[in-house]
Amino acid sequence: MKRALPTVLTSIVALAITWTGAGSSSAEPQIPKFTTIGEDFGTFGDHAYCRGAVNLKMFAPRGKRGVVRVSLTSHGFTGDGSSWTRNPRCRVLLVINQTSGNSFMKQTPILAAFGPKAGQNVTRDIVTGSGLALVSVIPYTVGLPRVAQGNGTGAYVLVP
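All values reported here derive from a predicted model rather than from experimental measurement. (Residues numbered from 1 in each chain as written. Predicted model: local features only at pLDDT ≥ 70, side-chain atom pairs only at ≥ 80, totals over all residues. Heavy atoms only, no water.)

Enquirer: What am I meant to see in the pattern of salt bridges here?
Expert: Going through the model one piece at a time under the given rule, you end up with seven salt bridges. With its nearest N and O atoms 3.0 Å apart, the salt bridge here joins Glu39 to Lys33. The residue Glu39 makes a salt bridge to Lys57 at a minimum N-O spacing of 2.7 Å. Here Lys57 lies in strand E3 (residues 51-59) and Glu39 lies in the loop between strand E1 (33-34) and strand E2 (40-44), a separation of 18 residues in the sequence. The partly exposed category is assigned to Lys57, whose relative accessible area is 24%. Put simply, Glu28, Lys64, Arg69 and Asp125 are held in one network by salt bridges that share partners. (Salt bridge = Lys/Arg side-chain N within 4 Å of Asp/Glu carboxyl O. Helix = DSSP H or I, 4+ residues; strand = E, 2+ residues; numbered from the N terminus. Buried < 20%, exposed > 50% of the residue type's maximum accessible area, 1.4 Å probe, protein only.)

See the structure below:
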């Protein structure tokens, strides 16, 4: 029991620092959001039957009012065959759709390439204006015609 007390106290202090944001002055706050389908979505790419999952997070950049920083992080992609062995990069087209007080269904395309390592990140700032906005990300084919490759995900956000 004597050994457990320091461990518990250390855990409580670490949780308090993380919760209050102390010690990480450069961390951006996540924007308050409402989503019914979660933050992860799956997609597939341009060669070797490559496929994987991506996580969506939205932040409010410090000093920029009416801006949403969209961060897309890979959970890791995989593929099949010798083509994947030669080139383990899965190219995907991710389109950010936004509807807010200053735009209706505005699209921002992002051409991303994810490999087998999880944690690869693509970030874009979009101008929505302050207030309520609907921001979603939908994966599409890299080439033409542009065809959706999944449902993607999105959320209603309250932009400062």
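Alright, that's what it looks like, and here's the rest.
Enquirer: How should I be thinking about the packing of aromatic side chains in this particular structure?
Expert: For the structure on display, the rule yields one aromatic pair. Against the face of Tyr140 rests Arg146, its NZ or CZ located 5.5 Å from the ring centre. (Phe/Tyr/Trp six-rings, centres within 6.5 Å; stacked < 30°, edge-to-face > 60°. Lys NZ or Arg CZ within 6 Å of the ring centre and 35° of its normal.)

Enquirer: Would you mind showing me how to read the sheet that holds strand E4 (residues 67-78) here?
Expert: Hydrogen bonds between backbone groups are what pair the strands of a sheet, and the pairing can be parallel or antiparallel. The strand order across the open sheet formed by four strands is E2-E3-E4-E7, and the pairing between neighbours is antiparallel. Pairing within the sheet leaves two strands with one partner each, and these edge strands are E2 and strand E7 (121-127). Adjacent strand axes in the sheet meet at a mean angle of 30 degrees, parallel and antiparallel pairs treated alike. (Pairing = 2+ DSSP bridges. Axes fitted to C-alpha atoms, helices over the stretch in contact; angles between N-to-C directions.)

Enquirer: Would you mind showing me how to read unusual backbone geometry here?
Expert: Residues other than glycine predominantly adopt negative phi, and peptide bonds predominantly adopt the trans conformation. The omega torsion of the bond from Leu144 to Pro145 falls at -5 degrees, within 30 degrees of zero and hence cis. Among the secondary structure elements, Pro145 is positioned in the loop between strand E8 (131-140) and strand E9 (153-159). Of note, the phi angle at Ala48 is positive, near 55 degrees, even though the residue is not glycine. Checked against the element boundaries, Ala48 lands in the loop between E2 and E3. The phi dihedral of Met105 is positive, around 55 degrees, even though this residue is not glycine. With respect to the secondary-structure elements, Met105 resides in strand E6 (residues 103-114). With a relative accessible area of 46%, Met105 lands in the partly exposed category.

Enquirer: Sorry, what's going on with the nonpolar core here?
Expert: The nonpolar side chains of soluble globular proteins are, as a tendency, buried together. With 28 residues, the main nonpolar core has Val70 and Leu72 as its most contacted residues. When contributions to this core are tallied by element, the ones reaching two or more residues are E3, E4, strand E5 (90-100), E6, E7, E8 and E9. With sequence-adjacent residues up to four places away left out, Leu72 is seen in contact with Phe41, Val54, Asn55, Leu56, Leu94, Ile110, Phe114, Gln120, Asn121, Val122 and Val137. (Core = buried A, V, L, I, M, F, W, Y, C linked by side-chain atoms within 4.5 Å. Contact = heavy atoms within 4.5 Å.)

Enquirer: What is the right way to read the side chain of Ser100 from this model?
Expert: Within the secondary structure layout, Ser100 lies in strand E5. Once residues within four sequence positions are removed from consideration, Ser100 is found in contact with Thr128, Leu132 and Ala133.

Enquirer: Help me out: how do you make sense of the sheet that holds E8 in this one?
Expert: Taken in spatial order, the five strands of this open sheet run E1-E9-E8-E5-E6, and their pairing is antiparallel. The open sheet terminates on both sides in strands that have one partner only, identified here as E1 and E6. The pairing of E5 with E8 spans seven bridges and is antiparallel. Paired with Gln98 across the two strands is Val135, which belongs to E8.

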